[in-house]
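# Geometric and topological summary
What follows is the residue order along each chain.
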Amino acid sequence: MLHQELARRRDPMWRWERPLLREISMYAQGLNQSDPAAVTASPEAARFQARIDAEDKIEPNDWMPEAYRRTLIRQISQHAHSEIIGMLPEGNWITRAPSLRRKAALLAKVQDEGGHGLYLYAAAETLGVTREDLVDQLLAGKAKYSSIFNYPTLTWADIGAIGWLVDGAAIMNQIPLCRCSFGPYARAMIRVCKEESFHQRQGYEIMLTLCRGTAEQKAMAQDALDRWWWPCLMMFGPPDAASQHSDTSMMWKIKRFTNDGLRQKFIDATVPQGHYLGLSFPDPALRLNPESGHWEHGPIDWEEFRRVVAGGGFCAADRLDARRRAHDEGTWVREAAAAFAAKRTARKEAA
Amino acid sequence: MSTPATPIWEVFIRSRSGLAHRHVGSVHAADATLALQAARDVYTRRGEGLSLWVVPSSAIVASDPADKEMMFEPTGSKIYRHPTFYEVPDEVGHM
């Protein structure tokens, strides 16, 4: 596994392509290739698909269709960018956390997100892209990340809502990714999922504390739920019916459930948790279908989704500015570390 | 805007005493000291290990997956290397 990853790293870089809007879901799942027949056209492609069908893992230096490689580079790097950008909305509240306990938890959570970004960049690099290229694409505004992070965190209750809902939605999406056909991505997701559960629980605990507090605190929790609920449902991506092309990501077992399927699982899991808090959901159409046992929801405003994905999110410019500033302000550190390493190497060679 | 490349290091963790170091991923760092610190921060936030190795990725020599058959196939036919190849009567009991 390691050997294959290393060999692949020596390969030339793969060209980056900006994703099309219709391909965006939580982490840009699905390339939606228009001609699924082309996928098994060659003998290698047929062998590749047979391995996938047999639940064999694909490792970086194994033969793979170019579209599979491109889909993964895009999805994994966008997932990584989402983790890195995802540090910002919560980082906004670290200095104002209401107690030392909350502050320590929030710091640990934000640090985890940085770590998740790094696991994922490392997985993407096994496909022949460089870390530096991926970072540069993010800073240049050419790469996408999950649109949820372009919403602002207005009150402390938003930190609870993000942990409970945004991380809850991420877990729904990430658990099936632990079985993704691409080995390095699946292994990174196993690490991420192990750590993510703490994020959701600490968020729910914040919500619970607010809901058991004063009327003002409970109203703050309700307001946060009202603002985050719909964007969280949008995190799963456009409805399956809007997908005009057959989904090769499902065939390649990069993706195991449809957007609507995951969204429904999330709603079914989350609605009772919200009711336990004594909160109501901002959806008058939300009702339990006694026959199916599923919660049915009202129409999602896909116009808003498209607007935010296209960069119209409230905090879109802020988020990239913050990343660019952090990158620029860290330049001297990278330069100093490189200069020190070069000096030490030169001394060792001279000795 | 172009970020200069920082060397890649492969990270290995010994999770418990008695176990071997196991590959867990990679980090980027200018030198070995920074690589160890980065590996500590990225891969051991929850007591995952007792010992860390970082190895420059460029120092690892790997077999070519294209040579997989040549490298590993010959052992496939050498079933006499496995204990079950040999007949031991039931009366002899577990051996």
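Residues numbered from 1 in each chain as written. Chains lettered and ligands numbered in written order. Predicted model: local features only at pLDDT ≥ 70, side-chain atom pairs only at ≥ 80, totals over all residues. Heavy atoms only, no water.

## Some words on the interface of chain A and chain B
Condition: Two residues qualify as a contact provided that any one of their heavy atoms is within 4.5 Å of a heavy atom in the partner residue. Using a 1.4 Å probe, buried area is obtained as the accessible area two parts lose upon being combined, added over both of them. Salt-bridge detection follows one rule: a side-chain nitrogen of Lys or Arg within 4 Å of a carboxyl oxygen of Asp or Glu. Polar contacts here mean pairs of N or O atoms no more than 3.5 Å apart (in protein, one a potential hydrogen donor and the other a potential acceptor; neighbouring residues in sequence count only if both atoms are side-chain atoms). Working definition: helices are DSSP H or I runs of at least four residues, strands are E runs of at least two. Numbering for both runs from the N terminus.
Across the contact, 32 residues belong to chain A and 27 residues belong to chain B. Each partner contributes to the roughly 2500 Å² buried at the junction of chain A and chain B, and carbon and sulfur atoms together form 54% of this total. Our count for the contact surface shared by chain A and chain B stands at four salt bridges. Applying the counting criterion to the chain A and chain B interface returns eight residue pairs in polar contact (both at pLDDT 80 or more). At the level of elements, helix 1 (2–9), helix 4 (100–125), helix 5 (131–139), helix 7 (183–211) and helix 13 (331–350) of chain A are the ones that each hand at least two residues to the side of chain A that touches chain B.

## Regarding the packing of aromatic side chains
Residues and elements named next belong to chain A. Put simply, the test is: Pairing of aromatic side chains here covers Phe, Tyr and the six-membered ring of Trp, requires ring centres within 6.5 Å, and sorts the geometry by plane angle: under 30 degrees stacked, over 60 edge-to-face, intermediate tilted. For each residue, the accessible area found with a 1.4 Å probe, counting protein chains only, is set against the maximum for its type, and the residue is called buried under 20%, exposed over 50%, and partly exposed in between. Charge-over-ring placement is defined geometrically: NZ (Lys) or CZ (Arg) within 6 Å of the ring centre, and within 35 degrees of the ring normal.
Applying the stated criterion to the full structure yields 14 aromatic pairs over all chains. Seen from their ring centres, Phe236 and Phe266 are 5.5 Å apart, and the 45 degrees between their planes marks the pair as tilted. In this pair, Phe236 sits in the loop between helix 8 (215–234) and helix 9 (248–251) while Phe266 sits in helix 10 (residues 259–277), placing the two residues 30 residues apart along the sequence. One exposure class covers both Phe236 and Phe266, and it is buried. Consider the rings of Trp302 and Phe305, whose centres lie 5.3 Å apart with planes at 90 degrees: the pair is edge-to-face. In this pair, Trp302 and Phe305 are both assigned in helix 11 (residues 302–312), three residues apart and thus about one turn of the helix distant. Within the aromatic cluster, the residues linked to one another by ring pairs are Phe48, Trp63, Tyr68 and Trp252. The ring of Trp93 carries Arg96 above its face, with NZ or CZ at 4.0 Å from the centroid. Across from the ring centre of Tyr119, 4.8 Å away, lies the NZ or CZ of Arg191, which sits over that ring.

## Quick look at the environment of Val135 of chain A
Structurally, the position occupied by Val135 of chain A is in helix 5. A C-alpha to C-alpha distance of 37 Å links Val135 of chain A and Gln273 of chain A, two positions 138 residues apart in sequence.

## Observations regarding the confidence of the model for chain B
Low-pLDDT portions of the prediction should not be read for the details of their coordinates. Definition in use: Here pLDDT means the predictor's own confidence in every residue, given as a number from 0 to 100.
Looking at chain B, pLDDT values average 90 and 97% of them are 70 or higher. Taken over the whole predicted complex, pTM reads 0.86, whereas the ipTM for its chain interfaces reads 0.83.

## Some remarks on the side chain of Arg131 of chain A
For Arg131 of chain A, the position within the fold is in helix 5. A distance of 2.9 Å separates the side chain of Arg131 of chain A from the side chain of Glu125 of chain A, its partner in a polar contact. Apart from residues lying up to four places away in sequence, Arg131 of chain A is in contact with Leu118, Tyr121, Ala122 and Glu125 of chain A together with His28 of chain B.

## Remarks on a nonpolar patch on the surface
All names here are of chain B. Going by this rule: Patch membership requires more than 30% relative accessible area and the absence of a salt bridge. Residues of like charge join within 9 Å; the nonpolar side chains Val, Leu, Ile, Met, Phe, Trp and Tyr join within 5 Å. Values of accessible area rely on a 1.4 Å probe in the Shrake-Rupley scheme; residue burial ignores everything except the protein chains shown.
Taken together, Ile79, Tyr80, Phe85 and Tyr86 make up a surface patch of nonpolar side chains, about 430 Å² in accessible area. With respect to the helices and strands, Phe85 occurs in the segment after helix 2 (68–72). Look at Phe85 and you get partly exposed, because its relative accessible area is 42%.

## Details of the sheet that holds strand 3 (residues 51–56) of chain B
Residue and element names in this part refer to chain B. Filter applied, for reference: DSSP calls a pair of strands paired once it identifies at least 2 bridges connecting them. To get an axis, a line is fitted to the C-alpha atoms, and for a helix only the part in contact is used. The angle between two axes follows their N-to-C directions and goes from 0 to 180 degrees.
If you walk across this open sheet you meet the three strands as 2-1-3, and the pairing is antiparallel. Two strands close off the open sheet at either side, each with one partner strand: strand 2 (22–28) and strand 3. Each adjacent strand pair in this sheet contributes to an overall mean axis angle of 30 degrees, direction not counted. Judged from the six bridges that link them, strand 1 (residues 8–14) and strand 2 form a sheet pairing that is antiparallel. Of the residues in strand 2, the one forming a bridge with Ile8 is His28.

## Looking at the pattern of salt bridges
Residue and element names in this part refer to chain A. Applying the stated criterion across every chain, the model contains 23 salt bridges over all chains. Note that Arg102 and Glu205 form a salt bridge whose closest N and O atoms lie 2.6 Å from each other. A residue pair is termed long-range when its members are at least 10 positions apart, and Arg102 in helix 4 and Glu205 in helix 7 qualify at 103 residues. Residue classification places Arg102 among the buried residues on the basis of a relative accessible area of 11%. Arg131 is the salt-bridge partner of Glu125, the closest N and O atoms lying 2.9 Å from each other. Each member of the pair, Glu125 together with Arg131, is buried.

## A word on unusual backbone geometry
Residue and element names in this part refer to chain A. One non-glycine residue, Glu55, lies in positive phi territory at about 65 degrees. Here Glu55 is to be found in the loop between helix 2 (43–53) and helix 3 (66–91). Positive phi, close to 55 degrees, is recorded for Lys253, a residue that is not glycine. When you line up the elements, Lys253 lands in the loop between helix 9 and helix 10.

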